Amino acid sequence: MSEMRLVVAGAAGRMGRMLVQAIHETPGACLCGALEREGSIALGQDAGLLAGAGKLNVEITSDALAALAHADGVLDFTNPAATLELAALAAQARIVHVIGTTGLAANDIEKIEAASRHAVIVRSGNMSLGVNLLAGLVRKVAQTLGEDFDIEIVEMHHRMKVDAPSGTALLLGEAAAAGRNIDLAGRSVRARDGHTGARNPGDIGFATLRGGTVVGDHQVIFAGAGERLELAHRAEDRGIFARGAVKAALWGHGRKPGHYSMADVLGLNDI
């Protein structure tokens, strides 16, 4: 079986370089394209050399249409606007689109859903095995404990992160809401300041911390009367996200179009 040809979007960025390395190190995958925005100083550079993976003879370009025309999939940890453009192109090319972009709005998700009628889209706020296993546990615990236990989600990332709460925190919040069979949008509390009054039973709270070079810490607290259960995950290496994204792409290759999650890729839906 031939290698899966993959394009990396945002190839000159920190995550993009890790994706290039992960593809290079993964049997069954090869880098066939690398994208950056117009005006980037990285345009024309060899993506492999920039990523520290050695020369791969793949020049970084801004022409997404040409890059995807000869690819089997695209790995995308960019921004919402770029992700929507890539989703439309992936649907046109009928290829795999792995989305690790966070900060997507509800109408962005609707457009991604539309694209998934023709493309295999794997989207997750976090591509690591540990976080997705944690999400399955959170869903199960939320279902088991019920509203007698308050749910609070605490996350911390490096000072340069631009969206809050993190995509992973929202992934965990959605898992908790699914366990309770409630809508997260209507029950989440994103900020508390001043005289807020007592906590509403059944709400899911979020607390966001930013500082230093923290890769990603997430904690889900179930606080009941006289006892507290805490589930946590700490990412120590961004490589776990890159390796998970490549695994998702390989899983999606040849699969029927649809909007999938890492729980599908990892077989965790039965937790």
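We now turn to the structure provided with this report. (Residues numbered from 1 in each chain as written. Predicted model: local features only at pLDDT ≥ 70, side-chain atom pairs only at ≥ 80, totals over all residues. Heavy atoms only, no water.)

**Some words on the nonpolar core**
Phase 1 of the analysis: Membership of the largest hydrophobic core comes to 36 residues, with the highest contact counts inside it found for I23, L75 and V98.
Phase 2 of the analysis: Going through the elements one at a time, β1 (4-9), α1 (14-25), β2 (29-35), α2 (47-51), β5 (96-99), β6 (120-123), α9 (239-252) and α10 (262-266) are the ones with two or more residues in this core.
Phase 3 of the analysis: Residue contributions to this core peak at seven residues, all from α9.
Phase 4 of the analysis: Those residues in contact with L75 that sit more than four places away from it in its chain are L6, V7, V8, A9, L19, I23, V98, A245, V246 and A249.
Phase 5 of the analysis: Core analysis: the second largest hydrophobic core is formed by 21 residues, L35, A71, A115 and A119 among them. (Core = buried A, V, L, I, M, F, W, Y, C linked by side-chain atoms within 4.5 Å. Buried < 20%, exposed > 50% of the residue type's maximum accessible area, 1.4 Å probe, protein only. Helix = DSSP H or I, 4+ residues; strand = E, 2+ residues; numbered from the N terminus. Contact = heavy atoms within 4.5 Å.)

**Side note on the state of the cysteines**
Phase 1 of the analysis: Under the definition given, this model contains zero disulfides.
Phase 2 of the analysis: As a non-bridged cysteine, C30 has C32 as the owner of its nearest cysteine sulfur, 6.2 Å distant.
Phase 3 of the analysis: The exposure class of C32 is partly exposed, given its relative accessible area of 30%. (Disulfide = S-S within 2.5 Å.)

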